[in-house]
Amino acid sequence: MDRSNIYARLEELGVVLPNAASPAAAYTMCAQCGQLAYLSGHLAKQDGKIWTGRLGESLSTQEGHAAARAVAIDLLATLHTHIKDLNTIKRIVKLTSLVNSASDFTEQHLVTNGASEFFVDVFGTSGKHARSAFGVTQLPLNACLEIELIVELT
């Protein structure tokens, strides 16, 4: 895969980056330390509003997968705002996913694949990353999913 232009790759995938989210409290959406960018947790959004619900109750694994992909796109929008050029991303390092889950729901890893697969689609092998996927009993604003990210820059 040609990684020479991430913006062209996003266009091939039919992805338009939304406006980056603003912090809802006393934090920043992205903090850079050396060549690493740390992105705060981003809540899933659908049509510009918080995507609410609980996986295994009101939402299916497939819906959660789509929500995770949507969060990954939002994470790239935040990175674009912070670093100004997504082509300076060397690799996706670590993804942490919090899935609002029913007590018997065990497919957090399949939900999180929505983000993981998206990053590989965009960045090729540089999009493969370490990750954790947790089931939680509640997220802010009843969001179905929250993802944070660590990225290495050139």
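As annotated in an unreviewed UniProt entry, the chain carries the name Endoribonuclease L-PSP/chorismate mutase-like domain-containing protein and is attributed to Cupriavidus pauculus.

A.B. asks: Quick question: what am I supposed to make of the UniProt feature "domain: Endoribonuclease L-PSP/chorismate mutase-like" (unreviewed entry) in the chain here?
C.D. replies: Annotation from UniProt places "domain: Endoribonuclease L-PSP/chorismate mutase-like" (unreviewed entry) at residues 9-152. In residues 9-152, the share of helix is 30% and the share of strand is 30%. The end C-alpha atoms are 19 Å apart.

A.B. asks: How do you make sense of the sheet that holds strand 2 (residues 36-43) when you look at a structure like this?
C.D. replies: Strand pairing in a sheet takes place through backbone hydrogen bonds and is either antiparallel or parallel in direction. Strand order in the open sheet formed by five strands is 1-2-7-5-6, with mixed pairing between adjacent strands. The outermost strands of the open sheet, each flanked by one partner alone, are strand 1 (30-33) and strand 6 (130-136). Averaged over all adjacent pairs, the angle separating strand axes in this sheet is 15 degrees, with direction ignored. Examined bridge by bridge, strand 2 and strand 7 (residues 145-153) share six bridges and lie antiparallel to one another. Counterpart to A37 in the pairing with strand 7 is V151. Against the sheet, helix 3 (residues 108-123) makes contact with strand 5 (89-100), strand 6 and strand 7, and its axis sits at roughly 160 degrees relative to strand 5, the strand it touches most.

A.B. asks: Which parts of the structure should I look at to understand the side chain of Q108?
C.D. replies: Structurally, the position occupied by Q108 is in helix 3. On the accessibility criterion, Q108 (11% relative accessible area) is buried. Contacts of Q108, omitting those with residues within four sequence positions, involve V99, S101, A133, F134 and G135.

A.B. asks: Teacher, can you tell me more about helix 3 here?
C.D. replies: Within an α-helix, residues lying three or four positions from one another point in the same direction, as the helix has 3.6 residues per turn. The terminal C-alpha atoms of helix 3 lie 23 Å apart, and with 16 residues this matches the ideal 22 Å at 1.5 Å per residue to within 8%. The sharpest bend along helix 3 measures roughly 35 degrees and falls at G114. Turning to helix 3, its buried residues are Q108, V111, T112, N113, G114, A115, S116, F118, F119, V122 and F123. On its buried face, helix 3 sits against helix 1 (6-12), helix 2 (61-83), strand 5, strand 6 and strand 7. Two residues or fewer after helix 3 comes G124, characterised by a positive phi angle close to 65 degrees.

Conventions and cut-offs
Residues numbered from 1 in each chain as written. Predicted model: local features only at pLDDT ≥ 70, side-chain atom pairs only at ≥ 80, totals over all residues. Heavy atoms only, no water. UniProt positions renumbered as here; feature names shortened; annotations may be inferred. Helix = DSSP H or I, 4+ residues; strand = E, 2+ residues; numbered from the N terminus. Pairing = 2+ DSSP bridges. Axes fitted to C-alpha atoms, helices over the stretch in contact; angles between N-to-C directions. Contact = heavy atoms within 4.5 Å. Buried < 20%, exposed > 50% of the residue type's maximum accessible area, 1.4 Å probe, protein only. Expected span 1.5 Å × (residues − 1). Bend = angle between axes of the 7 residues up to and from the residue.

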